[in-house]
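Tertiary structure, described
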Amino acid sequence: MGLDIPGATGSRPDAVPLDESGAEDLLRGICFKTGPPRTVGVELEWLIHDRERPDLPVGRERLDSAVEAVRALPLSAALTFEPGGQLELSSQPAGSLMECVETTAADLAAVRASLGAAGLAPVGLGVDPWQPPRRRLRERRYEAMEAALDRAGPAGRAMMCTSASVQVCLDAGEEEPGPLGYGRRWQLAHLLGAVLVAAFANSPFQQGRRTGWRSTRQSLWADLDPGRTLAPGSGRAPREAWAAHVLDTTVLCIRCEEGPWDVPEGLTFREWIRTGSPRPPVRADLDYHLTTLFPPIRPRGHLELRMIDAQSGPDGWLVPLAVATALFDDPEAAETVYRAVKPLAETAGSPAAPRNPLWTTAAREGLADPELRTAATVCFGAALPALERMGASGAVRDTVAAFTDRYVARGRCPADDLPEPGDLTGQGLLTGRSLLTGPVPPAGPDVPTGPVDRPARGPERLVAGPPTTPPTPPRPGKAASA
């Protein structure tokens, strides 16, 4: 969830109290940093389970020992752990898709090897299919978060402790209008986001049972809080809409130097500025408040796409990374996809994502919904030639093509291939074998089964090196989240 930020230590910084206009100016200045799209990053969250008995909880001492070993690795990415013990790798901003893929693949190889030595494995599912929420981190910010989110029901604890995602980070875009303009990309993200939810839905279980959702994770986010997970309302320019949304969302907690953090009820940041009680807010409080907002697309200078379930297998994560980057950053693909998803606005209606009919259908039905399937077919069809134009390797394009053939072309998503929770132990999500290489399930009626015509290519690796040798981790360096 990316809550480890400078200044979020709990001590009140020495700074001038904010006024309302100053806070609005700050937000408008930092939320969309414009320029030609050049960099990309990815944040990967993983559930950690025993390789042999993933249905059993991992003991605290065993997990703590494994965590210490992983922390000692010379990773390029920033390494954090979520409240339930989920591992998160946040890549540094990369100058190209392939740079991001290669450095992340190297980090993951090192992490998998370290966890494997302890008999553990990173599991790529949007929600833990076996375990109930169990918070392992006892820091004050998580105590406060749990207390605040409990007011809306159990979804908060489930999100904190049992969910995992692939978050793609892309530049906000150019100041000028057009396919790469930040206004267009912001609008595109809130429509294409539902297509990504549907295509990559991978969490049909919770605590050993089917939930009725392809993406239970997305349903949890929608139920989490009446306002904290919503996108800004439509009808205003992106900067103004986001600034107003931030100030009019309730404060999750007020940090203090000693003791538990205060968890006010119903106090918006705007009201906190106006009243100055229990103390006047300062810039660091606004920075921290921003990290407690969880909309499906979060503008942090760049755009953080937060709606994608964690993906199974060793290479499942790179498909949403490659597809999203291609569809946003290749001008031809961006224009094609914008035309394809624009009609989805009518289905979405006026409610903000993710609490509108479009996003709800995406989470519940996946690509079984005909409208979302049609849009996904266009989007993935546009991504493949865009990836070639962007210089993606044959291995990356083949992996995206395999996903397209197995799922999108058949109106399916990864959730549709998962067996019942008791049978998950033999799957690639634990063994490291890619689910994309397994047998393809029979197609349903009226589903095309023919392969997509593509040039033949020989086998390639994502990262250079002998086939039996895991990629060498990059040399140590200061990691920064994308």
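You'll find the structure just up there.
Rules used throughout
- Residues numbered from 1 in each chain as written.
- Predicted model: local features only at pLDDT ≥ 70, side-chain atom pairs only at ≥ 80, totals over all residues.
- Heavy atoms only, no water.
- Helix = DSSP H or I, 4+ residues; strand = E, 2+ residues; numbered from the N terminus.
- Buried < 20%, exposed > 50% of the residue type's maximum accessible area, 1.4 Å probe, protein only.
- Contact = heavy atoms within 4.5 Å.
- Areas by Shrake-Rupley, 256 points an atom, 1.4 Å probe, with all protein chains shown as cover.
- Salt bridge = Lys/Arg side-chain N within 4 Å of Asp/Glu carboxyl O.
- Pairing = 2+ DSSP bridges.
- Axes fitted to C-alpha atoms, helices over the stretch in contact; angles between N-to-C directions.
- Left-handed = near helix turned anticlockwise from the far one by under 90°.
- Nonpolar A, V, L, I, M, F, W, Y, C, P; charged D, E, K, R; others polar.
- Core = buried A, V, L, I, M, F, W, Y, C linked by side-chain atoms within 4.5 Å.
- Phe/Tyr/Trp six-rings, centres within 6.5 Å; stacked < 30°, edge-to-face > 60°.
- Parallel < 35°, antiparallel > 145°, perpendicular 65-115°, else oblique.

**Let's talk about the overall build of the protein chain**
- In terms of helices and strands, the protein chain carries 17 helices and nine strands.
- Within the protein chain, buried positions represent 57% of all 482 residues.
- Residue pairs at least 24 apart in sequence account for 79% of intrachain contacts in the protein chain once pairs closer than 6 positions are excluded.
- Carbon together with sulfur atoms contributes 52% to the accessible area of the protein chain, which is approximately 18,900 Å² in total.

**With respect to the pattern of salt bridges**
- Taken as a whole, this structure holds 32 salt bridges when the rule is applied.
- The closest approach of N and O atoms between Arg28 and Asp25, which form a salt bridge, is 2.6 Å. A residue pair is termed a helical-turn pair when its members lie 3 or 4 positions apart in one helix, as Arg28 and Asp25 do in helix H1 (residues 20-30) at three residues.
- A residue is classified by how much of its surface remains accessible, and Arg28, at 28% relative accessible area, is partly exposed.
- In this structure, Arg217 and Asp309 form a salt bridge, with 3.8 Å as the shortest nitrogen-oxygen distance. Of this pair, Arg217 sits in helix H7 (residues 216-223) while Asp309 sits in strand S9 (residues 302-309); the two residues are 92 residues apart in sequence, bridging distant segments of the chain. Like Arg217, the residue Asp309 is buried in the burial classification.
- Linked through salt bridges whose partners overlap, the residues forming this network are Glu20, Glu24, Asp248, Arg270 and Arg274.

**Some words on unusual backbone geometry**
- Of note, the bond from Ser277 into Pro278 is cis; its omega dihedral lies within 30 degrees of zero at 10 degrees.
- Inspection of the secondary structure puts Pro278 in the loop between helix H9 (269-275) and helix H10 (283-291).
- Geometrically, the link from Ala353 to Pro354 is a cis peptide bond, its omega value of 5 degrees lying close to zero.
- Phi is positive for Gln207, which is not a glycine, with a value near 50 degrees.
- Within the secondary structure layout, Gln207 lies in the loop between strand S6 (205-206) and strand S7 (209-210).
- Residue class for Gln207 comes out partly exposed when judged on its relative accessible area of 45%.

**Concerning the pairing of strand S4 (residues 120-123)**
- By the alternation rule, side chains of S4 split into Leu120 and Pro122 and Ala121 and Val123, which are all buried.
- Where strand S1 (residues 40-50) and S4 come together, four bridges link them in antiparallel fashion. Of the residues in S4, the one forming a bridge with His49 is Ala121.

**Notes on the packing of helix H6 (residues 182-199) against helix H12 (residues 331-341)**
- Between H6 and H12, whose axes approach to 10 Å, the crossing angle comes to 60 degrees. Two packed elements cross with a definite hand, and for H6 against H12 that hand is left-handed. Along the contact surface, H6 presents Arg184, Gln187, Leu188, Leu191, Leu192 and Val195, while H12 presents Glu335, Val337, Tyr338 and Val341.
- Among the residues forming the contact of H6 with H12, the class breakdown is seven nonpolar, one polar and two charged.

**What to know about the nonpolar core**
- Leu192 and Trp317 are the most contacted members of the largest nonpolar core, which has 108 residues in total.
- If you tally residues by element for this core, the top one is H6, at 12 residues.
- Counting residues in hydrophobic clusters, the runner-up holds 16 residues, among them Met159, Cys161, Leu224 and Leu252.

**A word on the environment of Asp223**
- Looking at the secondary structure, you find Asp223 in helix H7.
- Distance from Asp223 to Gly153, taken between C-alpha atoms, is 8.0 Å for residues 70 residues apart in sequence.

**What to know about the pairing of strand S2 (residues 78-81)**
- In this structure, S2 lies alongside strand S3 (residues 87-90), joined through four bridges in antiparallel fashion. If you follow Phe81 over to S3, its bridge partner there is Leu87.

**Some words on the packing of aromatic side chains**
- What the rule picks out here adds up to nine aromatic pairs.
- Aromatic side chains Phe32 and Tyr182 sit 5.4 Å apart centroid to centroid with 45 degrees between the ring planes, which places their arrangement in the tilted category. Taken as a pair, Phe32 in the loop between H1 and S1 and Tyr182 in helix H6 lie far apart in primary sequence, 150 residues in all. Pair check on accessibility: Phe32 and Tyr182 agree, each one buried.
- Each ring, one from Phe200 and one from Phe380, has its centre 5.9 Å from the other, and the planes form 45 degrees; the classification is tilted. Separated by 180 residues along the polypeptide, Phe200 in the loop between H6 and S6 and Phe380 in helix H15 (residues 370-389) bring together distant segments of the chain. An identical accessibility class is assigned to Phe200 and Phe380; each is buried.

**Focus on the packing of H6 against helix H11 (residues 318-329)**
- Two elements in contact, H6 and H11, have axes whose closest approach is 11 Å; the angle formed by their N-to-C orientations is 140 degrees. Judged on the interaxial angle alone, H11 and H6 are oblique. Pair H6 / H11 crosses with right-handed handedness. Contacts from Arg185, Leu188, Ala189 and Leu192 in H6 reach Leu327, Phe328 and Asp329 in H11.
- Within the contact of H6 with H11, the residues separate by chemical class into five nonpolar, no polar and two charged.

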